[in-house]
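Inside the fold
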Amino acid sequence: MRLMGLDYGDRRIGVAVSDAFGWTAQGVGVVEKRRDNGEVGVIAQLVKEHEVSEIVVGLPKNMNGTIGPRGEICIAFAEDLQQKLNLPVHLWDERLTTVAAERTLLEADVSRKKRKLVVDKMAAALILQNYLDSKTKR
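Residues numbered from 1 in each chain as written. Predicted model: local features only at pLDDT ≥ 70, side-chain atom pairs only at ≥ 80, totals over all residues. Heavy atoms only, no water.

Secondary structure assignment for the chain yields four helices and five strands. Starting at the N terminus, the α and β elements of the chain follow one another as β-β-β-α-β-α-β-α-α. Over its C-alpha trace the chain gives a radius of gyration of 14 Å, about what one expects of a compact globule, namely 14 Å for 138 residues. Along the first, second and third principal axes, the C-alpha atoms of the chain reach 40 × 35 × 35 Å. For the chain, the proportion of its 138 residues judged to be buried stands at 41%. Within the chain, contacts between residues at least 6 apart in sequence are counted, and of these 61% link residues at least 24 apart. Carbon together with sulfur atoms contributes 51% to the accessible area of the chain, which is approximately 8100 Å² in total. Side-chain charges of the chain comprise 21 positive and 19 negative groups, with the mean position of each set lying 4 Å from the other. (Helix = DSSP H or I, 4+ residues; strand = E, 2+ residues; numbered from the N terminus. Rg over C-alpha atoms; globule rule 2.2 N^0.38 Å. Buried < 20%, exposed > 50% of the residue type's maximum accessible area, 1.4 Å probe, protein only. Contact = heavy atoms within 4.5 Å. Areas by Shrake-Rupley, 256 points an atom, 1.4 Å probe, with all protein chains shown as cover. Lys, Arg positive; Asp, Glu negative; His and termini not counted. Charge placed at Lys NZ, Arg CZ, Asp CG, Glu CD.)

What follows deals with the packing of aromatic side chains. All told, the structure shown has three aromatic pairs when counted by the stated rule. Note on Trp92 and Tyr131: the rings are 5.4 Å apart at their centroids and 90° apart in plane angle, and the pair reads as edge-to-face. In this pair, Trp92 sits in strand E5 (residues 89-93) while Tyr131 sits in helix H4 (residues 112-136), placing the two residues 39 residues apart along the sequence. Residue Trp92 is classed as partly exposed on the basis of its relative accessible area of 24%. (Phe/Tyr/Trp six-rings, centres within 6.5 Å; stacked < 30°, edge-to-face > 60°.)

Here we come to the pattern of salt bridges. Throughout the structure, instances matching the rule amount to four salt bridges. Of the charged contacts, one joins Lys84 and Asp80 as a salt bridge, the two residues approaching to 3.3 Å between their closest N and O atoms. Placement of both Lys84 and Asp80 in helix H2 (residues 69-85) is noted, with a separation of four residues, approximately one turn of the helix. Using a relative accessible area of 51% as the deciding quantity, one classes Lys84 as exposed. (Salt bridge = Lys/Arg side-chain N within 4 Å of Asp/Glu carboxyl O.)

Next up on the list: the sheet that holds strand E3 (residues 25-32). Taking strand neighbours across the sheet as the criterion, the five strands line up as E3-E2-E1-E4-E5 in an open arrangement whose pairing is mixed. Each of the sheet's edge strands pairs with one partner strand only, and the pair in question is E3 and E5. Each neighbouring strand pair of the sheet contributes to a mean axis angle of 25°, computed without reference to strand direction. (Pairing = 2+ DSSP bridges. Axes fitted to C-alpha atoms, helices over the stretch in contact; angles between N-to-C directions.)

Let us now look at the pairing of strand E4 (residues 52-59). Of all eight residues in E4, seven are buried; the element is thus mostly enclosed. Judged from the five bridges that link them, strand E1 (residues 2-8) and E4 form a sheet pairing that is parallel. In the sheet register, Met4 faces E4, and the bridge partner there is Ile55.

Below, the discussion takes up the environment of Leu132. Within the element layout of this structure, Leu132 appears in helix H4. Residue class for Leu132 comes out buried when judged on its relative accessible area of 5%. Considering only alpha carbons, one finds Leu132 and Ala25, 107 residues apart in sequence, at a separation of 8.1 Å. Beyond its immediate sequence surroundings of up to four residues, Leu132 is in contact with Leu3, Ser18, Gly22, Trp23, Thr24 and Ala25.

Attention now moves to the nonpolar core. Grouped together as the largest cluster of nonpolar side chains are 23 residues, with contacts concentrated most on Met4, Leu6, Ile43, Ile55, Phe77 and Leu81. Of all the elements in the fold, those that place two or more residues in this core are E1, strand E2 (12-18), helix H1 (39-49), E4 and H2. If you look at the next biggest cluster of nonpolar residues, it comprises ten residues, including Ala16, Ala124, Ile127 and Tyr131. (Core = buried A, V, L, I, M, F, W, Y, C linked by side-chain atoms within 4.5 Å.)

Glancing now at the side chain of Asp120. For Asp120, the position within the fold is in helix H4. Within the local environment of Asp120, its side chain forms a polar contact with the side chain of Arg12, the two groups lying 2.8 Å apart. Discounting residues that sit within four places of it in the chain, Asp120 has contacts with Asp7, Arg12, Gly14 and Val30. (Polar contact = N/O pair within 3.5 Å; in protein donor to acceptor, adjacent residues only side chain to side chain.)

Okay, here's the thing in structure tokens:
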């Protein structure tokens, strides 16, 4: 049972996939958003390729826990994915995951150009790992 984590952004969608046991998350890439919404087809191909059974979409909440316009867009995206891929799609609070990913890359002294290329998939991996960790703490 593999899960896929998605960090839905304005231009790119970070993608991460769990191991077969659902213990660890690894970033696998970034899907560029397209005007024709073709990114759903690319995600569908990745779901098939990695044998994904569930998807976790990061839900950006405000610091006070409310959902703003960006969160509404992610909810709509998650509903669209669930409908088109016929898979369970979970929303997961992603507050500060991109900040954490940026901080980790800065501490590793990764150049700004390289950070830009990997921050989205790293944020997706953090979202998915947090979700996986919450499920094992039962």
